[in-house]
Amino acid sequence: MGITNFEHIKKITNGVRNLLRIKKSEFCRSIALPPREPLALFLEQKRLIGKNSDSLTYDDFLRRHELSHEES
């Protein structure tokens, strides 16, 4: 996309998060807190490259991690 201005990148990522209704993740998040939203965890997994990531579907992800659509 050729975007190099960090402020623009932050606005774009915030807009994508809003569209997907995903909360901004905190880097110093306590492990005592409940897990993040299933969709956020799925997208984090999908950002990886490779055959396994390419073929991973949201339903497969939910089954593997014993999550449900109701939690998302």
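Our subject is the structure listed above.
The structure presented is a predicted model; accordingly, all values stated were derived computationally and were not measured. (Residues numbered from 1 in each chain as written. Predicted model: local features only at pLDDT ≥ 70, side-chain atom pairs only at ≥ 80, totals over all residues. Heavy atoms only, no water.)

Here's the deal with the overall build of the protein
- Across its full length, the protein carries 4 helices and 0 strands.
- Listing the helices and strands of the protein from first to last along the sequence gives α-α-α-α.
- Relative to its length of 72 residues, the protein is extended, with a C-alpha radius of gyration of 14 Å against a globular reference of 11 Å.
- The principal-axis extents of the C-alpha atoms in the protein amount to approximately 40 × 35 × 20 Å.
- Taken across its 72 residues, the protein has 14% of its residues classed as buried.
- Residue pairs at least 24 apart in sequence account for 12% of intrachain contacts in the protein once pairs closer than 6 positions are excluded.
- Roughly 6,400 Å² of accessible area belongs to the protein as shown, and the carbon and sulfur atoms make up 56% of that amount.
- The averaged location of the 10 negative side-chain charges in the protein is 6 Å from the averaged location of its 13 positive side-chain charges. (Helix = DSSP H or I, 4+ residues; strand = E, 2+ residues; numbered from the N terminus. Rg over C-alpha atoms; globule rule 2.2 N^0.38 Å. Buried < 20%, exposed > 50% of the residue type's maximum accessible area, 1.4 Å probe, protein only. Contact = heavy atoms within 4.5 Å. Areas by Shrake-Rupley, 256 points an atom, 1.4 Å probe, with all protein chains shown as cover. Lys, Arg positive; Asp, Glu negative; His and termini not counted. Charge placed at Lys NZ, Arg CZ, Asp CG, Glu CD.)

Things to note about helix α1 (residues 6-20)
- For α1, spanning 15 residues, the distance from its first C-alpha to its last is 21 Å, which sits close to the expected 21 Å at 1.5 Å a residue.
- The opening residue of α1 is N5, an N-cap whose side-chain oxygen sits 2.8 Å from the backbone nitrogen of E7.
- Phi turns positive, to about 60 degrees, at R21, one or two residues after α1. (Expected span 1.5 Å × (residues − 1). Polar contact = N/O pair within 3.5 Å; in protein donor to acceptor, adjacent residues only side chain to side chain.)

Some points on the nonpolar core
- By size, the foremost hydrophobic cluster in this structure holds 5 residues: F42, L56, Y58, F61 and L62.
- With 3 residues, the top contributor of residues to this core is helix α4 (residues 58-64). (Core = buried A, V, L, I, M, F, W, Y, C linked by side-chain atoms within 4.5 Å.)

Quick word on the packing of aromatic side chains
- A full pass over the atoms with the stated rule returns 2 aromatic pairs.
- An angle of 70 degrees between the planes, with centres 5.2 Å apart, marks the rings of F42 and Y58 as edge-to-face. Residue F42 is located in helix α2 (residues 38-46), and its partner Y58 is located in helix α4; the two are separated by 16 residues in the primary sequence. Side by side, F42 and Y58 carry an identical accessibility label, which is buried. (Phe/Tyr/Trp six-rings, centres within 6.5 Å; stacked < 30°, edge-to-face > 60°.)

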